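For reference, the chains in residue letters:
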Amino acid sequence: MKLTELGQIIFAHRRAHGLTQNKLAERARVSRYTLIKLENGQADDIQFKTLSTILSELRLTLKVTDIPVSGISVLGEETK
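Residues numbered from 1 in each chain as written. Predicted model: local features only at pLDDT ≥ 70, side-chain atom pairs only at ≥ 80, totals over all residues. Heavy atoms only, no water.

A. Summary view of the packing of helix α2 (residues 21-28) against helix α3 (residues 32-39). For the pair α2 and α3, interaxial distance at closest approach is 9 Å and the crossing angle is 110 degrees. When the axes of α2 and α3 are compared, the pair comes out roughly perpendicular. Considering the relative orientation of α2 and α3, their crossing is right-handed. Between α2, through Gln21, Asn22, Leu24 and Ala25, and α3, the contact on the second element is made entirely by Arg32, Leu35, Ile36 and Glu39. (Axes fitted to C-alpha atoms, helices over the stretch in contact; angles between N-to-C directions. Helix = DSSP H or I, 4+ residues; strand = E, 2+ residues; numbered from the N terminus. Parallel < 35°, antiparallel > 145°, perpendicular 65-115°, else oblique. Left-handed = near helix turned anticlockwise from the far one by under 90°. Contact = heavy atoms within 4.5 Å.)

As structure tokens, then:
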């Protein structure tokens, strides 16, 4: 998932919960500027703890999955 897609999801869920940027930022204890950057897909330097807190306030979770890449495996062995 791209950061812009994540930002769109956060924006949509914030609105669905009836929260303003100020209110969500206050609840997540982040600056409104950080939230604006995240919603616009420009927060490439956001810390995991900050992102996790914002997602938690919106009742969202982040799922990490293993995506196979042609020619590379997780253990560094060649694949075909």
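Text resumes after the structure shown.
B. Quick peek at unusual backbone geometry. Backbone geometry places Arg29, a non-glycine residue, at a positive phi of 60 degrees. Here Arg29 is to be found in the loop between α2 and α3. The exposed category is assigned to Arg29, whose relative accessible area is 78%. (Buried < 20%, exposed > 50% of the residue type's maximum accessible area, 1.4 Å probe, protein only.)

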